[in-house]
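Breakdown of the fold
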Amino acid sequence: MASIDFSAEIPQLRSTLSSIEQVTDIEALDAKIADLEQQASAQDLWDDVDNAQKVSAALSHAQSERRRISELSSRIEDLEVMVELAAEEDDADTLTEAENELVSIHRTLDELEVRTLLSGEYDERDAVVTIRAGAGGVDAADFSEMLMRMYLRWAERHGYATKVMDTSYAEEAGLKSVTFEVSAPFAYGTLSVEGGTHRLVRISPFDNQGRRQTSFAAVEVIPLIESTDSIEIPENELKVDVFRSSGPGGQSVNTTDSAVRMTHLPTGTVVSMQDEKSQIQNRAAALRVMQSRLLLLKKAEEAAERKELAGDVKASWGDQMRSYVLNPYQMVKDLRTEYQEGNPSSVFDGEIDEFIDAGIRWRAEQGKSQD
């Protein structure tokens, strides 16, 4: 009766789910949820709004992930019962329903399996995406705007928050560049496979002779690295010297050695403070200034690290990772994974999950081959 061998499919589903549970580490996930629930129930949670939002988002994501795994186990059990009933009653409608549910479970398992491949240091972070028009003139600028819409529509389909941070418009049409943030669990790990040169081939709407035009855009994806408002500095990293304060003309301001010179040994940063009346006050003021300077230094280092993570993406014939062909045929093809779609309109409307999943799997395989 059945065109699908459920006796082989259902054990395979259970095996795949078991592997996902092992990689996810259910016990660790449950412990994380318990810890976040405890933090979320603290009476002073919302005294720090930013931290409260992070805790709430992390808890919601962890609970959602745990729920998906639990529900999958139940769905597989229900599927088995459905198949047995269909066989006993020779019910074609129930069998069709079971076949559709099998496809749905496979899809959900595939999504969870891809998530287990995101284990990089910054994969859990929010993502900052920058798109820059490359070779191709006004068509490239228009292509950049098409890509921005594609990613924003993708985020909208998943319910992810986005925020456009910077936009540079081209003179005739489209965008010279745009930068936007995508806030979601594993946004960077997911979108990082989109980084590279994208190529568009079409009949140019800006060419009055109707010629085919090839244009390029560079997509850069970096993690949103978090910074705190202050930096804790271990005492053993500070050298503090005291000396006598002096005023204009070299005259003594007071008779005690109240001035402070503070040196951060790892970086060589030096701060001197003598405006306060006591050594304790000068030391506290120097520490505040030192923390501010080290925070600026940290941000500069993070900027350099983000640049290194993003790589040098050139929007031209080199380093192409995906082609969008609208003429003479309709095709979007990833040149790394060989995955392709024959409906560019749906792709530009944000249906890029299959491209992203294929990219994540490809990256994981590349990592294994280099080990």
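Cut-off values and rules
Residues numbered from 1 in each chain as written. Predicted model: local features only at pLDDT ≥ 70, side-chain atom pairs only at ≥ 80, totals over all residues. Heavy atoms only, no water. Helix = DSSP H or I, 4+ residues; strand = E, 2+ residues; numbered from the N terminus. Areas by Shrake-Rupley, 256 points an atom, 1.4 Å probe, with all protein chains shown as cover. Phe/Tyr/Trp six-rings, centres within 6.5 Å; stacked < 30°, edge-to-face > 60°. Buried < 20%, exposed > 50% of the residue type's maximum accessible area, 1.4 Å probe, protein only. Expected span 1.5 Å × (residues − 1). Polar contact = N/O pair within 3.5 Å; in protein donor to acceptor, adjacent residues only side chain to side chain. Pairing = 2+ DSSP bridges. Patch = residues over 30% accessible without salt bridge, like charges linked within 9 Å, V, L, I, M, F, W, Y side chains within 5 Å. Salt bridge = Lys/Arg side-chain N within 4 Å of Asp/Glu carboxyl O. Lys, Arg positive; Asp, Glu negative; His and termini not counted. Charge placed at Lys NZ, Arg CZ, Asp CG, Glu CD.

**Let's talk about the overall build of the protein chain**
Helices and strands together make up the secondary structure of the protein chain, namely nine helices and eleven strands. Taken as a whole, the protein chain presents about 20,700 Å² of accessible surface, with 46% of it coming from carbon and sulfur.

**Describing the packing of aromatic side chains**
Going through the model one piece at a time under the given rule, you end up with four aromatic pairs. Ring geometry for Phe143 and Tyr324: centres 5.5 Å apart, planes at 70°, overall edge-to-face. Taken as a pair, Phe143 in helix α5 (residues 137–158) and Tyr324 in strand β9 (residues 320–325) lie far apart in primary sequence, 181 residues in all. The class for Tyr324 is buried, based on a relative accessible area of 0%. On the basis of an interplanar angle of 70° and a centroid distance of 5.5 Å, the ring pair of Trp154 and Tyr160 is categorised as edge-to-face. In this structure Tyr160 comes out as partly exposed when scored by relative accessible area, which is 25%. Here the aromatic cluster, defined as three or more aromatic residues joined through ring pairs, consists of Phe143, Tyr324 and Phe348.

**Examining helix α3 (residues 49–89)**
With 41 residues, α3 should reach 60 Å at 1.5 Å per residue; the first-to-last C-alpha distance of 58 Å fits that figure. Structurally, the start of α3 carries an N-cap: the backbone nitrogen of Asn51 is 3.3 Å from a side-chain oxygen of Asp48. Two residues or fewer after α3 comes Asp90, characterised by a positive phi angle close to 50°.

**Quick notes on the pairing of strand β5 (residues 212–223)**
Among the twelve residues that make up β5, nine are buried, leaving the element largely enclosed by the rest of the structure. Relative to β5, strand β1 (residues 127–133) runs antiparallel, the two sharing seven bridges. Residue pairing for β5: Val129 is matched across the bridge by Val221. Looking at chain direction, strand β4 (residues 196–203) and β5 are connected through eight bridges and run antiparallel. Residue pairing in the sheet places His198 in a bridge with Ala217 of β5.

**Looking at the pairing of β9**
With five of six residues buried, β9 lies mostly within the body of the structure. Both β4 and β9 contribute to a ladder of five bridges, which runs parallel. When the sheet's bridge partners are listed, Thr197 is paired in β9 with Gln320. In this structure, β9 lies alongside strand β10 (residues 331–334), joined through four bridges in antiparallel fashion. Bridging across to β10, Tyr324 finds its partner in Val332. Where β9 hands over to β10, the hairpin turn is made up of five residues, counted between the paired strands.

**A look at a negative patch on the surface**
Together, Asp44, Asp47, Asp48 and Asp50 line one region of the surface with negative charge. You can see Asp47 is positioned in the loop between α2 (26–40) and α3.

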